Amino acid sequence: MKTAEPSFPFRLDTLREEDIPAVMDIERRAFSLPWNAGIYRYELRYNALSFYRAIRTSGPPLPPIVAYGGIWLYAPEAHVSTIAVHPEFRGLHLGAWLLADLLVEAARRGAQEASLEVRVSNVTAQRLYLSFGFRVVGKRHRYYSDNREDAFIMTLRPLDITVLEQRLFREERIVKERWRARAPDILASYPS
Ligand SMILES: CC(C)(COP(=O)(O)OP(=O)(O)OC[C@H]1O[C@@H](n2cnc3c(N)ncnc32)[C@H](O)[C@@H]1OP(=O)(O)O)[C@@H](O)C(=O)NCCC(=O)NCCS
């Protein structure tokens, strides 16, 4: 008997204030210097220069969101303020899907280049950024207050909207393929 394919539970959406508890759950597990809920509340409520996106799930038993990220728009520059994926949902290309979505939206709003800071030890995130064409252009010494670690400054220019839209499309396809392969294992840890 053929087993039914697991349905695809993810969709891109705007991050909202009511998502903050779910964000905090991921944030605390993703960063050694997590932002607190007040920072997210400020960003979502008052920062007119920023926007935040999320990957939402179909809901219980899955967590409500599995990834989120944001951009500060200082036209012509889009600065990636944060990006994180729920630890149990990493390696599915959700981070790449979300980053493509953030950069497409930034380009649609007029950004011509993107920048970010990343810990020199965070090779995982660096590989993600390199795969989009980001390049290391400098270093901020002792940037992180917890361990005085340096940050690489990475930039991507130009932001080519056509290339990014193609990437967005391709990443959704990869997430779907990887989900098909890994859903049984992941769902096993989320019994309904
Ligand atoms: C960085 C992060 C967002 C990546 O999210 P993810 O959904 O697991 O990554 P993806 O599945 O989209 O991976 C895309 C590419 O990134 C690279 N990558 C991702 N995980 C990797 C790992 N564990 N080791 C090496 N490279 C990795 C690979 O090039 C990968 O492509 P591939 O799988 O086809 O080889 C996630 O690890 C995370 O939330 N980390 C903690 C928070 C963080 O460090 N944020 C960035 C701050 S600057």
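Residues numbered from 1 in each chain as written. Predicted model: local features only at pLDDT ≥ 70, side-chain atom pairs only at ≥ 80, totals over all residues. Heavy atoms only, no water.

1. What about the pairing of strand E4 (residues 77-85)?
Inference 1: For E4, the buried fraction is high: eight of the nine residues fall into the buried class.
Inference 2: By the bridge criterion, eight bridges tie strand E3 (residues 65-74) to E4 in an arrangement that is antiparallel. Directly across from isoleucine 71, in E4, lies its bridge partner valine 80.
Inference 3: Where E3 folds back on E4, the antiparallel hairpin that results is connected by two residues.
Inference 4: Strand direction decides the pairing type here: E4 and strand E5 (residues 113-119), joined by three bridges, are parallel. Within the sheet, the bridge partner assigned to histidine 79 lies in E5 and is serine 115.
Inference 5: Viewed along the sheet, the connection from E4 through helix H3 (residues 94-108) into E5 turns out right-handed. (Buried < 20%, exposed > 50% of the residue type's maximum accessible area, 1.4 Å probe, protein only. Helix = DSSP H or I, 4+ residues; strand = E, 2+ residues; numbered from the N terminus. Pairing = 2+ DSSP bridges. Right-handed = clockwise from strand over helix to strand, strands pointing away.)

2. Considering the site of the ligand
Inference 1: Every one of the 21 residues lining the ligand counts as a neighbour, but Ile83, Val85, His93, Gly95 and Asn122 are closest to it.
Inference 2: At 2.8 Å from a nitrogen atom of the ligand is found a main-chain nitrogen or oxygen belonging to isoleucine 83.
Inference 3: Separating an oxygen atom of the ligand from a backbone N or O atom of alanine 96 is a distance of 2.9 Å.
Inference 4: Elements supplying a minimum of two residues to the shell around the ligand: E4, H3, E5 and helix H4 (123-131).
Inference 5: Ranked by residues supplied to the shell around the ligand, first place goes to H4 with five residues.
Inference 6: Class assignment of the residues belonging to the shell around the ligand gives a composition of twelve nonpolar, five polar and four charged. (Near = heavy atom within 4 Å. Polar contact = N/O pair within 3.5 Å; in protein donor to acceptor, adjacent residues only side chain to side chain. Nonpolar A, V, L, I, M, F, W, Y, C, P; charged D, E, K, R; others polar.)

3. Here we look at the nonpolar core
Inference 1: Phe10, Phe89, Leu94, Leu103, Tyr129, Phe134 and Leu159 are the most contacted members of the largest nonpolar core, which totals 44 residues.
Inference 2: Put simply, the parts of the chain that give this core at least two residues each are strand E2 (50-56), E3, E4, H3, E5, H4, strand E7 (151-156) and helix H5 (161-188).
Inference 3: Considering each element in turn, this core owes the most residues, eleven residues, to H3.
Inference 4: Every residue in contact with leucine 94, bar those within four places of it in the chain, is listed here: Phe10, Ile55, Val66, Val85, Phe89 and Val175.
Inference 5: With 13 residues, the next largest nonpolar core counts Leu15, Trp35, Tyr52 and Ala54 among its residues. (Core = buried A, V, L, I, M, F, W, Y, C linked by side-chain atoms within 4.5 Å. Contact = heavy atoms within 4.5 Å.)

4. Some remarks on the side chain of glutamate 27
Inference 1: Locating glutamate 27 in the fold gives a position in helix H1 (residues 20-30).
Inference 2: Comment: no salt bridge for buried glutamate 27; closest opposite-charge side chain is arginine 28, at 9.4 Å.
Inference 3: Within the structure, glutamate 27 has its side chain in polar contact with the side chain of tyrosine 68 (distance 2.6 Å).
Inference 4: If near-sequence neighbours (up to four positions away) are discounted, glutamate 27 is found in contact with Pro34, Trp35, Tyr40 and Tyr68. (Lys, Arg positive; Asp, Glu negative; His and termini not counted. Salt bridge = Lys/Arg side-chain N within 4 Å of Asp/Glu carboxyl O.)

5. Some remarks on unusual backbone geometry
Inference 1: Here alanine 75 and proline 76 are connected by a cis peptide whose omega angle stands at 5°.
Inference 2: Topologically, proline 76 is positioned in the loop between E3 and E4.
Inference 3: Across the junction of arginine 157 and proline 158, the peptide omega takes the value -5°, indicating a cis bond.
Inference 4: Residue position: proline 158 is located in the loop between E7 and H5.
Inference 5: The phi dihedral of histidine 93 is positive, around 75°, even though this residue is not glycine.
Inference 6: Among the secondary structure elements, histidine 93 is positioned in the loop between E4 and H3.
Inference 7: The phi dihedral of arginine 142 falls on the positive side, at around 50°, and the residue is not glycine.
Inference 8: Along the chain, arginine 142 turns up in the loop between strand E6 (135-140) and E7.
Inference 9: With a relative accessible area of 53%, arginine 142 lands in the exposed category.

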